[in-house]
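Listed here are the chains, written in short residue letters.
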Amino acid sequence: MKLNTPSIEIVAGEEKPARKYTEYNLFFQLEREYILQKLFGVKSALDPDNMFSQEDPKYLGPPLPKRYNDLVLPKEWHIPGKNCKKNRKHTKTHGKISFVDLSRQIAQAWSCADDD
């Protein structure tokens, strides 16, 4: 039995818009940077011109929780699809914590997080 479903045509070169980040996505990004920068002392290699500032008039989001105020973040870290690079050059990782351990630590922090 064949269902009558409308066919979807995909136009070549046309991309879907990026989905908005969920609360957990934003929390994960902030908590990852917090763990790396505050607990393990990893220094950011960002150019000062490309660093995020809450005072930037282009930032329309809510203020960051106090815990994350001192983090060095990329300028458009909160915009989906801005940090994606298709042909990213391989870079050496920090080696301070494995992804599995980092994910477990962030999941534990998420379960204890308040509504900041």
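Residues numbered from 1 in each chain as written. Predicted model: local features only at pLDDT ≥ 70, side-chain atom pairs only at ≥ 80, totals over all residues. Heavy atoms only, no water.

Some remarks on the nonpolar core
No. 1: By size, the foremost hydrophobic cluster in this structure holds 16 residues, and its most contacted members are Leu30, Phe52, Leu64, Tyr68, Leu73, Trp77 and Ile106.
No. 2: Those elements that place two or more of their residues in this core are α1 (23-39) and α2 (99-112).
No. 3: Among the elements that line this core, the one with the most residues is α1, at six residues.
No. 4: When near neighbours in sequence (up to four residues on either side) are disregarded, Tyr68 contacts Phe27, Leu30, Glu31 and Tyr34. (Core = buried A, V, L, I, M, F, W, Y, C linked by side-chain atoms within 4.5 Å. Buried < 20%, exposed > 50% of the residue type's maximum accessible area, 1.4 Å probe, protein only. Helix = DSSP H or I, 4+ residues; strand = E, 2+ residues; numbered from the N terminus. Contact = heavy atoms within 4.5 Å.)

Quick look at the pattern of salt bridges
No. 1: Within this structure, the stated rule accounts for three salt bridges.
No. 2: Two residues, Arg104 and Asp101, come together in a salt bridge whose shortest N-O distance is 3.8 Å. Of this pair, Arg104 and Asp101 both sit in helix α2, three residues apart, which is roughly one turn of that helix.
No. 3: Note on Arg104: relative accessible area 57%, which makes it exposed.
No. 4: Exposure remark for Asp101: the relative accessible area of 38% places this residue in the partly exposed category. (Salt bridge = Lys/Arg side-chain N within 4 Å of Asp/Glu carboxyl O.)

A short note on the environment of Trp77
No. 1: Among the structural elements, Trp77 can be located in the loop between α1 and α2.
No. 2: For Trp77, a relative accessible area of 4% corresponds to the buried category.
No. 3: Sequence spacing of Trp77 and Leu30 is 47 residues, and the spatial spacing of their C-alpha atoms is 9.4 Å.

Quick notes on the environment of Ser53
No. 1: Position of Ser53 among the secondary structure elements: in the loop between α1 and α2.
No. 2: Note on Ser53: relative accessible area 29%, which makes it partly exposed.
No. 3: C-alpha separation for the pair Ser53 and Lys75, spaced 22 residues apart in sequence, amounts to 7.2 Å.
No. 4: One polar contact links Ser53 to Glu55, side chain to side chain, over a distance of 3.1 Å. (Polar contact = N/O pair within 3.5 Å; in protein donor to acceptor, adjacent residues only side chain to side chain.)

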